[in-house]
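Coordinate inspection notes
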Amino acid sequence: QVQLVESGGGLVQPGGSLRLSCASSRSIFSFKVMGWYRQAPGKQRELVATMPAGGPINYADSAKGRFTISRDNRKNTLYLRLESLRPEDTAVYYCTAALGDRAIWGQGTQVTVSS
């Protein structure tokens, strides 16, 4: 019954910014890890950033210095701030969470970086 719903994607020019949101139907304190992945056309899904419950934030090399993962516990929402966007950042961005032995995934939100 756990659901993750992403929003905030869209079309942005190179160098622009977006904030993606992932709303959870369950308290995000329930999750061992939450994170963001992305999948570009013709490519495999890849890690963007993760936020373990009791560990350090992890960013992909491509995201370091440009993307910021954060959470709002009261709103049960995970965020990903995208800055200095490049055309190669174009992808469907997916929210994920680990609950027990299950991996929960959202439906994804499209980010397109183009001039």
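A quick note: this is a predicted structure, and the numbers were derived from the prediction, not measured. (Residues numbered from 1 in each chain as written. Predicted model: local features only at pLDDT ≥ 70, side-chain atom pairs only at ≥ 80, totals over all residues. Heavy atoms only, no water.)

With respect to the nonpolar core
We count it as follows: Take the buried residues of types Ala, Val, Leu, Ile, Met, Phe, Trp, Tyr and Cys, join any two whose side-chain atoms come within 4.5 Å, and each joined set is a nonpolar core. Burial classes follow relative accessibility: with a 1.4 Å probe on protein chains only, a residue under 20% of its type's maximum area counts as buried, one over 50% as exposed, and anything between as partly exposed. To qualify as a helix, a DSSP run of H or I must reach at least 4 residues; to qualify as a strand, a run of E must reach at least 2; elements of each kind are numbered from the N terminus. Contacts: residue pairs with any heavy atoms within 4.5 Å of one another.
Core analysis: the biggest nonpolar cluster contains 30 residues, and Trp-36, Leu-80, Leu-82 and Tyr-93 have the highest contact counts within it. Every element with two or more residues in this core is listed here: strand S3 (18-24), strand S4 (33-39), strand S5 (46-52), strand S7 (67-72), strand S8 (77-82), strand S9 (91-99) and strand S11 (109-113). For this core, the element with the most residues is S9, which contributes 5 residues. Apart from residues no more than four positions distant in its own chain, Tyr-93 is found in contact with Glu-6, Leu-20, Trp-36, Tyr-37, Arg-38, Val-48, Phe-67, Leu-80, Leu-82, Gly-108, Thr-109 and Val-111.

Details of the pattern of salt bridges
What counts here: We count a salt bridge whenever a side-chain nitrogen from Lys or Arg sits within 4 Å of a carboxyl oxygen from Asp or Glu.
Evaluation of the coordinates by the stated rule reveals 4 salt bridges. The salt bridge involving Asp-89 is made with Arg-66; its shortest N-O contact spans 2.7 Å. Remark: Arg-66 occurs in the loop between strand S6 (58-59) and S7 and Asp-89 occurs in the loop between S8 and S9; sequence separation between them is 23 residues. The exposure classification of Asp-89 matches that of Arg-66, with both residues buried. Connected through salt bridges with shared partners, the residues Arg-38, Glu-46, Arg-66 and Asp-89 form a single ionic network.

Here we look at the environment of Thr-77
Looking at where Thr-77 falls in the secondary structure, it is placed in strand S8. Exposure remark for Thr-77: the relative accessible area of 8% places this residue in the buried category. Spatially, the C-alpha atom of Thr-77 lies 4.5 Å from that of Ala-23, the residues being 54 residues apart in sequence. If we ignore the near neighbours within four places in the chain, the residues touching Thr-77 are Ser-21, Cys-22, Ala-23, Ile-28, Ser-70, Arg-71 and Asp-72.

A word on the pairing of S9
For the record, the criterion: In this description, strands pair whenever DSSP reports at least two bridges between them.
Of all 9 residues that make up S9, 8 are buried, and the element is covered over most of its length. The pairing of S4 with S9 spans 7 bridges and is antiparallel. Bridge pairing in S9 links Trp-36 to Cys-95. Note that S9 and S11 share 3 bridges and pair antiparallel.

What about the packing of aromatic side chains?
Inclusion rule: Stacked, tilted and edge-to-face pairs are distinguished by plane angle, under 30 degrees for stacked and over 60 for edge-to-face with tilted covering the rest, among Phe, Tyr and Trp rings (Trp via its six-membered ring) whose centres lie within 6.5 Å. Counted as over-ring charges are cases with an Arg CZ or a Lys NZ within 6 Å of the ring centre that also lie within 35 degrees of the ring normal.
The full count for this structure, using the stated rule, is 1 aromatic pair. Ring geometry for Tyr-37 versus Trp-105: centroids 5.3 Å apart, planes at 70 degrees, classification edge-to-face. Placement of the pair is Tyr-37 in strand S4 and Trp-105 in strand S10 (residues 102-105), with a sequence separation of 68 residues. You can call Trp-105 partly exposed: its relative accessible area is 35%. Positioned over the ring face of Tyr-94 is Arg-45, at 3.8 Å from the centre of the ring. A cation over a ring is seen here: Arg-45 above Trp-105, with NZ or CZ 4.7 Å from the ring centre.

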